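The chain contents come next:
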Amino acid sequence: MPLIALIVSRFNTAMTSELLAGAERVLTDAGVHATQRPVFWVPGAVELPQAAMPLAKSGQFDAIIAFGVVIRGDTTHYDTVCQMAADGLQRVSLDTGVPVVFGVLTCENETQVWDRLGRQVGKKGEGHKGEDAARTALEMIDVLRQIKTCVALSA
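Residues numbered from 1 in each chain as written. Predicted model: local features only at pLDDT ≥ 70, side-chain atom pairs only at ≥ 80, totals over all residues. Heavy atoms only, no water.

How do you make sense of helix α2 (residues 48-57) when you look at a structure like this?
The element α2 is extensively covered by neighbouring structure, given that seven of its ten residues are classed as buried. L48, P49, A51, A52, M53, L55 and A56 are the residues of α2 that are buried. Considering only its buried residues, α2 is in contact with β1 (4-9), β2 (39-42), β3 (63-71), α3 (77-96) and β4 (100-107). Residue G59 follows α2 closely and has a positive phi angle near 75°. (Buried < 20%, exposed > 50% of the residue type's maximum accessible area, 1.4 Å probe, protein only. Helix = DSSP H or I, 4+ residues; strand = E, 2+ residues; numbered from the N terminus. Contact = heavy atoms within 4.5 Å.)

Honestly, the pairing of β3 in this entry has me stumped. Any pointers?
Regular strands place their side chains on alternate faces of the sheet. Most of β3 is tucked away, with eight of its nine residues classed as buried. The sheet contact formed by β1 and β3 spans five bridges and is parallel. Considered in β3, the bridge of L6 is made with I65. For β3 and β4, the ladder comprises eight bridges, and the chain directions are parallel. Residue pairing in the sheet places V70 in a bridge with T106 of β4. (Pairing = 2+ DSSP bridges.)

Before we go on, may I ask you to explain the sheet that holds β1 in this structure?
Sheets are built from strands paired through backbone hydrogen bonds, the pairs being either parallel or antiparallel. Strand order in the open sheet formed by four strands is β2-β1-β3-β4, with parallel pairing between adjacent strands. The outermost strands of the open sheet, each flanked by one partner alone, are β2 and β4. The sheet shows a mean angle of 15° between the axes of neighbouring strands, direction not considered. The sheet contacts of α2 involve β1, β2, β3 and β4, and relative to β1 the element is tilted by about 165°. (Axes fitted to C-alpha atoms, helices over the stretch in contact; angles between N-to-C directions.)

Teacher, can you tell me more about the environment of A34 here?
If you trace the backbone, A34 turns up in the loop between α1 (13-29) and β2. A34 gets classed as partly exposed once you look at its relative accessible area, which sits at 47%. Residues A34 and E24, spaced ten residues apart in sequence, show a C-alpha to C-alpha distance of 8.1 Å.

Just checking my understanding: could you explain helix α5 (residues 129-154) for this structure?
Each α-helix turn comprises 3.6 residues. Residues three or four places apart therefore point the same way. The terminal C-alpha atoms of α5 lie 37 Å apart, and with 26 residues this matches the ideal 38 Å at 1.5 Å per residue to within 8%. Those residues of α5 hidden inside the fold are in contact with β1, α1, β3 and β4. (Expected span 1.5 Å × (residues − 1).)

I tried to follow the nonpolar core on my own but got confused; where do I start?
Across soluble globular proteins, nonpolar side chains show a tendency to be buried alongside one another. In this structure, L6, I65, F67, L105, V113 and L117 are the most contacted members of the largest nonpolar core, which totals 24 residues. Mapped onto this core, the elements with two or more residues apiece are β1, α1, β3, β4, α4 (110-116) and α5. Counting residues per element, this core draws most heavily on α1, at six residues. Ranked by size, the runner-up nonpolar core spans 23 residues in total, among them A45, V81, V92 and V100. (Core = buried A, V, L, I, M, F, W, Y, C linked by side-chain atoms within 4.5 Å.)

I tried to follow the pairing of β4 on my own but got confused; where do I start?
Of all eight residues making up β4, six are buried, and the element is well covered by its neighbours. After leaving β3, the chain enters α3 and then returns to the sheet as β4, a path that is right-handed. (Right-handed = clockwise from strand over helix to strand, strands pointing away.)

In this structure, what is going on with the pattern of salt bridges? I would like to understand it.
Any two side chains of opposite charge can pair, so long as their charged atoms come close to each other. Applying the stated rule across the entire model yields eight salt bridges. The shortest N-O distance in the salt bridge between D95 and R91 comes to 3.3 Å. Taken together, the residues D95 and R91, both in helix α3 and four residues apart, mark about one turn of the helix. For the pair shown, D95 and R91 are each scored as exposed. With a shortest N-O distance of 3.0 Å, R135 and D132 are connected by a salt bridge. Residue R135 and its partner D132 are located together in helix α5, separated by three residues, close to a single helical turn. (Salt bridge = Lys/Arg side-chain N within 4 Å of Asp/Glu carboxyl O.)

Now the structure itself:
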């Protein structure tokens, strides 16, 4: 069974906790026991990459899922936070080869967040992005294992 780290922002905790709960449901259904999916809490979305890097470099994890919720406010701070989180998490993944799933919701308002958590408060239901992130992590673990096998066979 894979070992998957979950990193969760405490900022907007009600929403990030729901992202985590969705991921845990999917991982449990896939047979990933709670001891195989440690959870690490960080203050906000900007801190996600800093927590992800040592986890990825440790060589212990098959994937990392990073959860956060950033809601646009009245200043450009939103754009900076979103960019820093996205760039940082992509860098961790590309630098280490460990899949880092971007489970950060970047929304205009709380209604959009809850829509993406399956609550369908607004006009359009978006499924559950926490569940989607877990499925993505499991799929990337499988794809990378296939690639390693293919590369090893062709060497």
